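Structural features, examined
One-letter residues, chain by chain:
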Amino acid sequence: MIVFDELRGTISLHTRRTTYQMKADQRGVLLHLYYGPRVEAEDLSYLLRYADRGFSPNPSGSGADRGYSLDTLPQEWSTCGVGDYRLASAEVEQPDGSVLLDLRYASHSIRPGKYALEGLPAFFGDEGWETLSVVLRDPSSGMEAELLYGVCEEEDLITRAVRVTNRGEAPVVLCRVMSLCLDFGRSDLDLLTFDGGHVRERNLSRAPLRPGVQSVGSVRGTSSHQHNPFVVLCERDAGEDHGLCFGAALLYSGSFLAAVERSQFEDARLVMGIHPHHFRWALGPGEHFTAPEAALICSPDGLTPMTHRFHRAMRERLIRDPYAGRRRPVLINNWEATEFDFDAERLVDIAREGAALGMELFVLDDGWFGKRDTDLSGLGDWDVNERKLPGGLEALAPRIEALGLGFGLWIEPEMVSADSDLYRAHPDWALGAPGRPQTTGRSQLVLDFSRQEVRDHVYAAMRRVLDSARITYLKWDMNRSLSDVWSAALPAARQGEVFHRYVLGVYDLLERLRRDYPDLLIEGCSGGGGRFDAGMLYYTPQIWCSDNTDAVDRLRIQCGTAFCYPVSTIGAHVSAVPNGQTGRDTPMETRGVVAMCGTFGYEMDLGRCSREEKETVREQVETYKRRAALIAGGDYYRLTDPFQDPPFTAWAHVSSDKREALVSLVTGSARAAQPFPVLRLRGLDPALRYRVDGGEVHSGAALMYAGLSFPLVRGDYQAKQLHLEAV
Ligand code: DGJ
């Protein structure tokens, strides 16, 4: 509910459990007053303090009153160059060369429903939403900023976006437009970020705020393996079930910045948005620029409820039909089994083994097109390699279907190999500045997706492929970071637009795909999880989580990913051992249990499995199908912290009515004389009684407070999965 209190001038955004408040003061500065647990009918401006602070300047017209400074006041969207030295929300190069921007309240409106953002991902739905729009203007220039707020009361979700319009007579250049600026009147907070690298994505790091600016971000053109556009600020002692937590996710798949500043006065400011590195957007008179959406969830009661609310909000209001609530097929992918070395018979053999064990979808990965026997060539030439696949997909897909499987395909539309017909025909379609040799990544170049004709060409090629056979699933891969970011289609002064225009181009093509192939299940991928963000989830309901399929490493990668993103979106497969990334052996049972905390599938040559292993696989597939609704739609609980190297890692999926749960546990490397593992469950109903795996019956209270005892197991990385049902 959004409430404007005319008398006091406050605008309050109430969700079920939280309140967010702002107010334009007598000077028209839009002050941020509060974000936290719900507070009714208060004007929280009584918290504001005015004092003459040295070196904190005063706006013009202050006269002898030195107690008012933008440098000391909490603001909704901070300005630039006019006396607030903390993180700026915007930087605009004005026609006179100054980068000064002072924004004052002009008007606001409240309406039912949720705003939409043209060409950008956004939470959606008319039911249960209200929108607040606040227009701010710079009195000395023609710049206007419309701050948009979506309030979803039920999900405790507040979204934000910004539309900047040049209402002046001359062009300006936007050098920075943050989607979110959030001031906290305190700095005794921890910052949680999700960091790593390729094959080591989203490992949780937690540290207290220190004086100055701390940030994570990406300048790679993608949201990246290295950091993630999701951060949490929480009270220093906040844990899973207690403490105030603020989660912020940016719905953006390109370079981003998430920065927090602990200021001299012990407050904190969080900004999030497109990374200002090489961002310069020319805005002519009358033109506007829309910054991507950011989503905020405040949890007054710990990290777990914050996770649950993000999961629910994304499942129900970000991921679009028809896959939002639909069980995803159990798939068998040929990549780790064959890489580029396959022919139709080998593929059909792999698919046949999968079908016999209950799988539902065969995915043909990289290598089916052009001259593609290694990763040195072929990208961009999306014609079937008939030497490997005689008769093309037209011949292969029906053979797969005859086995009772759907047919899925890999593609990497944003890329081109220098050794390809496409590159030879259109060398200027790859990003790269004239007279400068291009940098390659995985021996490939990046197509200039900022250009309509490039996208049209790629899309036409994709359509030919998609129309050539019944293809029910598409894996959209992207295997390098951007470099040489320069477009032949734009003048020198507009090259700073290319990074963002590239992302808009990717979204454009994904949206066209969704429109023309509404039933196609698209799995996002970027060398594993290099573009795992809320922006992509608007287009691709699942994303390959990591190229690291080692079950032990995946415990951390998947736990970090699931801090924000729903389990139903996390691509997870069982692969062969020793693992290709780590060389580690883990039991088949363990690999299955870990992959079940995601969209379940296999990526190995099942023909090489022993009879016992195949039996295990068959049981796993059956178990997954039986439990998929609980795993994908239930509440996910972290039972231990895998980032602390615990003797065992455990998690649970609990149904929303709390009558059913699936508990999974994986031990670490074997230790002699280890303590008996006791696991205190979470999320159950203390008053209900649960049958544990068809055996003993215990109350929810006993299982949560006293715990569940596991037998001692010998050997490294053993797994156990228990199903609990209320009796
Ligand atoms: C990177 C992906 O993450 C892998 O799963 C696989 O599709 C390869 N690319 C193929 O080149």
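Structure's up top.
Residues numbered from 1 in each chain as written. Predicted model: local features only at pLDDT ≥ 70, side-chain atom pairs only at ≥ 80, totals over all residues. Heavy atoms only, no water.

1. So, unusual backbone geometry
To keep things clear, this is the line we draw: Where helices and strands are cited, they refer to DSSP runs of H or I of at least four residues and of E of at least two residues respectively, numbered from the N terminus.
Here the bond from D321 into P322 is cis, since omega is 5 degrees, no more than 30 degrees from zero. Here P322 is to be found in the loop between α1 (303-317) and β20 (331-333). Cis rather than trans, the peptide bond between V577 and P578 has omega equal to -5 degrees. Along the chain, P578 turns up in the loop between β28 (570-575) and α10 (588-595). One non-glycine residue, H278, adopts positive backbone phi at about 55 degrees. Relative to the assigned elements, H278 resides in the loop between β17 (268-274) and β18 (281-283).

2. Remarks on the sheet that holds strand β21 (residues 361-364)
In plain terms, the rule: Two strands qualify as a pair provided that DSSP identifies no fewer than 2 bridges between them. Each axis is a line fitted through C-alpha atoms, and for a helix only the stretch in contact is used; angles between axes span 0 to 180 degrees, taken between their N-to-C directions. Here, residues are in contact when the closest pair of their heavy atoms is within 4.5 Å.
Here we have 8 strands rolled up into a closed barrel, ordered β20-β21-β22-β25-β26-β27-β28-β29, and parallel in their pairing. With direction set aside, neighbouring strand axes in the sheet form an average angle of 30 degrees. For strand β26 (residues 521-524) and strand β27 (residues 542-544), the ladder comprises 2 bridges, and the chain directions are parallel. Residue pairing in the sheet places G524 in a bridge with I543 of β27. Of the strands in this sheet, β25 (473-476) and β26 are in contact with helix α7 (residues 498-516), which crosses β25 at around 175 degrees.

3. Concerning the packing of helix α3 (residues 344-356) against helix α4 (residues 392-402)
Worth spelling out the cut-off: In these notes the angle categories are as follows: under 35 degrees is roughly parallel, over 145 is roughly antiparallel, 65 to 115 is roughly perpendicular, and the rest is oblique. If you view the pair so one helix is near and one far, a crossing is left-handed when the near helix is turned anticlockwise from the far one by less than a right angle, and right-handed when it is turned clockwise.
Contact pair α3 / α4: the axes reach a minimum separation of 10 Å and the direction vectors enclose 20 degrees. Overall, the two elements α3 and α4 adopt an arrangement that is roughly parallel. Pair α3 / α4 crosses with right-handed handedness. For the pair α3 and α4, the contacting residues are A344, E345, L347, V348 and A351 in the first and L396, R399 and I400 in the second.

4. Concerning the site of the ligand
Spelled out, the test is: Only heavy atoms are used to decide nearness, and a residue is near a molecule or strand if one of them lies within 4 Å of it. Definition of a polar contact: a pair of N or O atoms within 3.5 Å, with one able to donate and the other able to accept a hydrogen when the atoms are protein atoms, and with sequence-neighbouring residues admitted only if both atoms are side-chain atoms. Note on areas: these come from Shrake-Rupley sampling with a 1.4 Å probe, and a residue is covered only by the protein chains present in the view. Three residue categories are used. Nonpolar comprises Ala, Val, Leu, Ile, Met, Phe, Trp, Tyr, Cys and Pro, charged comprises Asp, Glu, Lys and Arg, and polar comprises the others, including Gly.
For the ligand, the set of nearby residues contains 13 residues, the closest of which are D365, D366, K475, D477 and D547. R442 is positioned with one of its side-chain polar atoms (N or O) 2.8 Å from an oxygen atom of the ligand. A distance of 3.4 Å separates a nitrogen atom of the ligand from a polar atom in the side chain of N479. Within the complex, 97% of the 290 Å² of free accessible area of the ligand lies under protein. For the shell around the ligand, the per-class residue count stands at 4 nonpolar, 3 polar and 6 charged.

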